[in-house]
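What follows is the residue order along each chain.
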Amino acid sequence: MKKELETYPTGKIPPREDASPVRNDKNRKKLGTKAKFFTGFTLISSILGVAYTQKDQYTDDLANFSRSVIGDNNTARLEKYYFYLEDQKNKLVYEITGDKKSSFDKDFEVSITYSQSVNPGELNLPDNEPALGEPSAVVEPSTPAPLILPEIQYLGVPLAEGEGIWRTDDLPRTSPEDPLMVKTVVRPDESRPYAKVNILLLDKRRIRLNMVGGTKSPGETSGVSGPGRIPAEDRQNLLVAFNGGFQGNHAEWGMYANEKTYKSLVNGFASVAVTSEGEILMGEWGRTLEWRDDMVAVRQNAALLVENCEVSDRTLENNKTWGYIVYLQQDNVTRRSAIGLTQNGDLLVATGDNVKPDTLARALWAAGACTAMQLDINTPQVNTSLYFQRDDGSVKGEFFGGTEDPDRFLRTQEYDFMYATLDERNYIP
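Residues numbered from 1 in each chain as written. Predicted model: local features only at pLDDT ≥ 70, side-chain atom pairs only at ≥ 80, totals over all residues. Heavy atoms only, no water.

Engineer: Explain the packing of aromatic side chains to me, and be specific about the residues and the numbers.
Structural biologist: Here the structure, examined in full by the defined rule, presents three aromatic pairs. Residues phenylalanine 417 and tyrosine 419 carry aromatic rings whose centres are separated by 6.4 Å and whose planes lie at 40° to one another, so their mutual orientation is tilted. An aromatic cluster is built from Phe409, Phe417 and Tyr419, whose rings are joined through pairwise contacts. Across from the ring centre of tyrosine 427, 4.4 Å away, lies the NZ or CZ of arginine 206, which sits over that ring. (Phe/Tyr/Trp six-rings, centres within 6.5 Å; stacked < 30°, edge-to-face > 60°. Lys NZ or Arg CZ within 6 Å of the ring centre and 35° of its normal.)

Engineer: Residue-level account of the pairing of strand 15 (residues 383-389), with values.
Structural biologist: Among the seven residues in strand 15, five count as buried, and that is most of the element. Note: strand 4 (residues 238-243) against strand 15, three bridges, orientation antiparallel. Following the sheet pairing, valine 240 is matched in strand 15 by leucine 386. Alignment of strand 15 against strand 16 (residues 395-402), held across seven bridges, turns out to be antiparallel. Counted as the bridge partner of asparagine 383 is glycine 402 from strand 16. Linking strand 15 to strand 16, which pair antiparallel, is a turn of five residues; within it glycine 393 sits at a positive phi near 95°. (Buried < 20%, exposed > 50% of the residue type's maximum accessible area, 1.4 Å probe, protein only. Helix = DSSP H or I, 4+ residues; strand = E, 2+ residues; numbered from the N terminus. Pairing = 2+ DSSP bridges.)

Engineer: Provide a residue-level description of the nonpolar core, including the pertinent values.
Structural biologist: In terms of nonpolar packing, the biggest core is built from 63 residues, with Trp166, Leu200, Leu202, Val272, Leu305, Ile339 and Leu364 touching the most fellow members. In this structure valine 272 touches Leu209, Met211, Ile280, Leu281, Met282, Ala297, Val298, Arg299, Ile339, Met373 and Met418, once residues within four positions along its chain are discounted. Ranked by size, the runner-up nonpolar core spans 10 residues in total, among them Leu238, Tyr387, Phe409 and Leu410. (Core = buried A, V, L, I, M, F, W, Y, C linked by side-chain atoms within 4.5 Å. Contact = heavy atoms within 4.5 Å.)

Engineer: Give a description of the pattern of salt bridges that names residues and reports values.
Structural biologist: If you walk through the whole model with that rule in mind, you get 18 salt bridges. Residues arginine 208 and aspartate 423 are paired through a salt bridge, measuring 3.6 Å at the closest nitrogen-oxygen approach. With arginine 208 in strand 3 (residues 207-212) and aspartate 423 in the segment after strand 17 (417-422), the pair connects residues that are 215 residues apart, well separated along the chain. For the pair shown, arginine 208 and aspartate 423 are each scored as buried. Across the salt bridge formed by arginine 287 and glutamate 307, the nearest N and O atoms sit 2.8 Å from each other. Taken together, the residues arginine 287 in the loop between strand 8 (280-284) and strand 9 (295-300) and glutamate 307 in strand 10 (residues 304-307) connect sequence positions 20 residues apart. The exposure class assigned to arginine 287 is partly exposed, which follows from its relative accessible area of 46%. (Salt bridge = Lys/Arg side-chain N within 4 Å of Asp/Glu carboxyl O.)

Honestly, that's just the spatial picture; any functional story needs more than this.
Right, dumping it as structure tokens:
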């Protein structure tokens, strides 16, 4: 039975003694703002909770949806709590089990090393001239020098099997006798022994690095759309593909590729460039790297992780440098990707889980990077895939690090990405 309200002589419920029209208006506005935030907070938190098991595929879409509902700053706060709780969960699991099982573990099970013990530049010429009528000694043609393997530095985290060494198993077109590329895994964070960074090292003389603008980003703010696809003629020589940097509307950095300026190049950003001859350059735009007429692609993002063969002090800056978020980087332990160059100029491609800018930089430095820059962060944008050629001419993708979608870059992409093909025009003795 519905309870009757107590009535007064006027037949109305009296107002509260402290009520006034002005205060009621202010309270309504405050309550409206708070209600909007908490409604959005509850909504997005519920969605994130339900979708947790599918986070590799949908987290970025959820973040974009959240920004449209409660704004960038409130979404950043939600992300802060999300990453914090994820980090605490991982620490707890590690303390209980002694390990954190993830997709990053399965690529590093067998310890296989490549020993660089030959000097192909020396020829085995005969000591004396052959006698008259005797056949001349056959001189083997000179072969190119092998890939230079940097010594991997130990970072204080106990090594598991397969870590801290260069290996050649399960890589396309490579073997211990012919190392086109090698791989390793580095754990750079003593406080998070489960945090791992998968790293590829590719011989600069045998590859061509390419950049592709996405159909949506980074040119959406300037109205420039990219092809978003790997050209058919490059697929037969495809080796590896990986994500680009931050989305086009999240910073002022620039990109030039595919004979298009997606966003104007800006001084002060870490930049990677490729020339028409295939040379890969990296530095800070306007200080250590500038425009050259032979450049065919340039991608900028954030700041340098490693410079002059040392970890940059900028890795301790807040996340206005390292991500589209508003809180300090110490709270942002997440998935991150990066590229770098060794002292010899060979290309490093890195994908790490549970890392911060400084620990990602330490991993690249440990693997021999003298220059390195961060690319994109968070699930599901971070992705590195290897590609193997089949006998029928098709391409088979294999997971290396990040989101488990090895065929992702064989489809049209909304966001920009990079890929390397086999190109041995510069591979000479």
